[in-house]
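Each chain, letter by letter, is given below.
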Amino acid sequence: MPLPLVWLIKVVLIYGGLITVAAAMSLAERKVSAWIQWRVGPNRVGPWGLLQPVADGVKFIFKEELVPEGANQTLFRLAPILSAVPPMLAVAVIPFAGEVSIGGHVTTLSIADLDISTLYVVAIGGLGIYGVILGGWSSNSKYSLLGGLRASAQMVSYELSLLLSILVVVVLSGTLDLRQIVNDQAGPIFAWNIFALPVGPIAFLLFVIATFAETNRHPFDFAECEPELVGGFHTEYSSMKFALFFLGEYCAMTVMACLTTVFFLGGGNIPWWPDAPWLLELTCFLSKMGFFLFLFLWVRWTLPRFRFDQLMALGWKVMLPIAIANVFVTGALLSLGWFA
Amino acid sequence: MNEYIGIAVSFLLAGGVAGAMVFLGSTLGKKNPTPEKLAPFECGKEPFAIPMGRLAIKFYLTAILFILFDVELVFLYPWAVVYRSLGFLGLTEMGIFLVVLMVGYIYAWRNGALDWN
Amino acid sequence: MADTLFYILAAGTLACGMGVVTARMPLFSVLSLLGSLFCLSAIYLLSGFQFLAATQLLVYAGAIMVLFLFVIMLLNLGDEAELQGHLGFSLSGKKGLIAGATALSLGLVGVVGAGYSTPFVANPAYERGVDDLNALATVLFSRYALPFEAASLLLLATMIGVITLAKRQRTTDAGAHPQSAPPSTDGETAA
């Protein structure tokens, strides 16, 4: 089997998987909320409503597309693309499992293994902000504009805490390569970065909170804060463009769940079994990822929404100083030989 | 270097899928616009203000503080990678760097730059 | 292969750069600049400077351009009538002069440069499998430790400057009602 074909298989597998997860999330969002609120949720299309995402997708294509009066046509169409592409690109470097054999070629189960994949993920993922700003601005609606601006201010504020909590992991592993970070956590469960006491759990907590803010999810969903801003930056969006914003959001959530797994929970590593077969590793990775995806939904129906000034205060006045101190303490403990 | 070909392929694929979705939505969907449908959403009232006012300064302040801390992080990442070989000297260097930055942070806090009201 | 890619990316960088000057709406200028930065980052990558490429995206595309967008919205540049138009680029007046002069000088550089052309060379360290980040970091935190510490002072000065300017703005127009605020040059100066 020629090498380009092997690559093509990996690309199709990983992107097919991503789209499937995003579609499943659109169903899970409704199923889980129904379950938590003692309702049934979608149950008409297919067994247990399983084909609902397919029906939604087809329906979205044939819905009427509205471009509000006075909106900027080009930017209005560009914004959903700009919000969906970055998280899809970020998935390319996630190391889902160790070495696999496809058609006689031993390769790794990720589209690209970069030396600087950590920076790549955060740099590319950070570009998702343009879709939100431009979507809000080009709609010619004040709800959209305010939603987009709030969301972008929130995303930049929490990106700092996100980057600083990743930094703890980078100091511990001494590399920016996600695959090496995963390999570094092989062995007993205490090798996972979340158990690198005392800084690991703090970094983990900061990271998870920041991922909620970065993906504009509850309790930080000011981008689409219904009581105040209707639908936020996508108030004016309909048909497939609306669906693209959601695809982008679910892809971003998937990327964040993957990153939490990679940075703090040892990626695909199974505790005390470093040489597990790749299929088991992949299953392990996906179940950890699935837990964090479920956490997004669980939190949504458990916690009330913040107020915007509280959100900014939490980001700038609480999380940022703790995160900076945490990095410094990590460095100090490391040079004292604490993590040996 | 070859690894980046994978990234380029992903870029084309993701852009293609997203572009195709927008294109399909705008061509296959039915078209029946009316002035009411095209008006920006306004809870049933007449839209009364075009949202083109000037923004409050706080958005701008947040963005520029973000840039400053982002630049700081760009220094921190290489430091974190080679930290083990730098040892105690690296810790001192970064300690001084962070203390100077924290002076700015405290100044920002004291002057209300971190408040949202 | 690398040569062809380089020329494509260089052309893309220049085309986007022209877009910055000629775009009718300031927002399209920002987007063109974003495209230009993106192509530039790909050129860095092609030359084997991965860290530089990622930094370019993280700081310029991810942070500074966001500020530019905010500033454009803050100052509300651009005509409302123009807002409704499609993607438009114009080449009239001063803009045309600047764009033409730039294109002409770049063309001259290209023609003259072609005489001395050498094949595109990637970062030799990268070819040897040494990644640039380690090399950069090792030098930065030993030989260039003093300039590195000086950078923190620069950041501190910027932070204080920005806050001072913003505070003055806040006391003059009370910040809360942006619609009624008189145009002020403070934002521009700080940008």
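Sequence order as written defines the numbering, with residues in each chain counted from 1. Note on labels: chains are lettered from A, ligands numbered from 1, in written order. Residue-level local features of this predicted model are given only where pLDDT is at least 70; pairs of side-chain atoms are given and counted only at 80 or more, and the full residue set underlies all totals for whole chains, interfaces and linings.

What follows concerns the overall build of chain C. Under the DSSP-based scheme used, a helix requires at least four consecutive residues in state H or I and a strand at least two consecutive residues in state E, with every element numbered from the N terminus. Counting secondary structure elements, chain C contains 9 helices and 0 strands. The linear arrangement of helices and strands in chain C, starting from the amino end, is α-α-α-α-α-α-α-α-α. Classification of the 191 residues of chain C by burial places 28% in the buried group. Any residue surrounded by 20 or more other C-beta atoms within 10 Å of its C-beta is treated as buried, while 12 or fewer makes it exposed and the intermediate range makes it partly exposed; C-beta atoms here are placed from the backbone.

Attention shifts here to the overall build of chain B. A count of helical and extended segments in chain B gives 4 helices and 0 strands. Here chain B holds 117 residues, and 38% of them are scored as buried.

On to the pairing of strand E1 (residues 99-102) of chain A. Residue and element names in this part refer to chain A. Pairing between strands requires that DSSP locate at least two bridges from one strand to the other. With 4 bridges connecting them, E1 and strand E2 (residues 105-108) associate as antiparallel partners. Bridging from a neighbouring strand, Val-100 pairs with Thr-107 of E2. What sits between E1 and E2 in their antiparallel hairpin is a turn of 2 residues, with Gly-103 showing a positive phi close to 55°.

The next subject is the interface of chain A and chain B. At the junction of the two partners, chain A supplies 63 residues and chain B supplies 52 residues. Listing elements by their share of the side of chain A that touches chain B, those giving two or more residues are helix H1 (3-36), helix H2 (52-62), helix H3 (73-90), helix H6 (142-173), helix H10 (239-264) and helix H12 (308-335) of chain A. A total of 13 residues in the side of chain A that touches chain B trace back to one element, the largest contributor, which is H12 of chain A. Under the scheme applied here, ten amino acids are nonpolar (Ala, Val, Leu, Ile, Met, Phe, Trp, Tyr, Cys and Pro), four are charged (Asp, Glu, Lys and Arg), and all others, including Gly, are polar. Looking at the side of chain A that touches chain B, its residues break down into 42 nonpolar, 10 polar and 11 charged. C-beta atoms are first placed from the backbone for all residues, and any pair lying within 7 Å is then listed as a contact.

Below, the discussion takes up the packing of H12 of chain A against helix H4 (residues 88-110) of chain B. Each axis is a line fitted through C-alpha atoms, and for a helix only the stretch in contact is used; angles between axes span 0 to 180 degrees, taken between their N-to-C directions. Running from N to C, H12 of chain A and H4 of chain B cross one another at 165°; their axes reach a closest spacing of 10 Å. Considering their axes alone, H12 of chain A and H4 of chain B lie roughly antiparallel with respect to each other. Judged by the sense of rotation from one axis to the other, the crossing of H12 of chain A with H4 of chain B is left-handed. Counting all contacts with H12 of chain A, which are made through Lys-317, Ile-324, Phe-328, Gly-331, Ala-332 and Ser-335 of chain A, the residues of H4 of chain B involved are Phe-88, Leu-91, Met-94, Gly-95, Leu-98 and Trp-109 of chain B. Partitioned by chemical class, the residues of the contact of H12 of chain A with H4 of chain B number 8 nonpolar, 3 polar and 1 charged. Here is the rule for angles: anything less than 35 degrees is roughly parallel, anything more than 145 is roughly antiparallel, 65 through 115 is roughly perpendicular, and the remaining ranges are oblique. Definitions for this section: a left-handed crossing has its near helix turned counterclockwise from the far helix by less than a right angle. A right-handed crossing has that turn clockwise.

The next thing to look at is the interface of chain A and chain C. Taken together, the contacts link 20 residues of chain A with 16 residues of chain C. With 5 residues, the top contributor of residues to the side of chain A that touches chain C is helix H4 (residues 117-125) of chain A.

With that out of the way, let us pick up unusual backbone geometry. All names here are of chain A. Look at the link from Leu-197 to Pro-198: it is a cis peptide, with omega at -5°. Here Pro-198 is to be found in the loop between helix H7 (178-184) and helix H8 (199-214). The step from His-218 to Pro-219 runs through a cis peptide bond, and the omega angle for that step is 0°. In this fold, Pro-219 is placed in the loop between H8 and helix H9 (226-229).

The next point concerns H12 of chain A. Residue and element names in this part refer to chain A. A helix is expected to span 1.5 Å multiplied by its residue count minus one. Spanning 28 residues, H12 covers 40 Å between terminal C-alpha atoms, matching the ideal 40 Å at 1.5 Å per step. To get the bend at any residue, fit one axis to the seven residues that end at it and another to the seven that begin at it, then take the angle between the two axes. Taking the largest bend as the criterion, H12 deviates by roughly 35°, centred on Met-319, and proline Pro-321 comes between one and four positions later. Downstream of H12 by one or two residues, Gly-337 has phi in the positive range, about 80°.

Residue and element names in this part refer to chain C. Each residue carries a pLDDT score, the predictor's confidence in it, ranging from 0 to 100. Within chain C, residue pLDDT values average 75, and 67% of them lie at 70 or more. Per-element averaging of pLDDT across chain C places helix H9 (residues 186-190) at the bottom with 34 and helix H2 (residues 26-46) at the top with 90. Across residues 174-191 the pLDDT falls below 50, and counting only partners more than four positions away or on other chains, this stretch makes 27 contacts in the model.

What follows concerns the environment of Leu-34 of chain C. Residue and element names in this part refer to chain C. Within the secondary structure layout, Leu-34 lies in helix H2. Residues Leu-34 and Cys-16 lie 18 residues apart in sequence; the distance between their C-alpha atoms is 8.2 Å. The contacts of Leu-34, once residues within four sequence positions are left out, are Ala-61 and Met-65.

What follows covers the packing of H8 of chain A against H12 of chain A. Residue and element names in this part refer to chain A. Close contact between H8 and H12 brings their axes to 10 Å; oriented N to C, the two are set at 145°. Where H8 crosses over H12, the handedness of that crossing is left-handed. Judged by residue contacts, Val-199, Ile-202, Ala-203, Leu-206, Ile-209 and Ala-213 of H8 engage Gly-315, Met-319, Ile-322, Ala-323, Asn-326, Val-329, Thr-330 and Leu-333 from H12. Considering only residue class, the contact of H8 with H12 consists of 11 nonpolar, 3 polar and no charged.

For the rest of this paragraph, the subject is the environment of Lys-142 of chain A. Residues and elements named next belong to chain A. Examined against the element boundaries, Lys-142 turns out to sit in helix H6. On the basis of neighbour count, Lys-142 is assigned to the buried category, with 22 C-beta atoms found within 10 Å. It is 28 Å that separates the C-alpha atoms of Lys-142 and Ile-124, two residues lying 18 residues apart in sequence.

So, on to the environment of Gly-15 of chain B. All names here are of chain B. By the secondary structure assignment, Gly-15 is in helix H1 (residues 3-28). Taking the C-beta count within 10 Å as the criterion, Gly-15 has 16 such neighbours and is therefore assigned partly exposed. For the pair Gly-15 and Gly-95, spaced 80 residues apart in the sequence, the C-alpha separation amounts to 43 Å.

Averaged over chain B, the pLDDT score is 83; the fraction of residues at 70 or greater is 86%. Least confident of the elements in chain B is helix H2 (residues 35-38) of chain B, whose mean pLDDT is 74; most confident is H4 of chain B, at 92.

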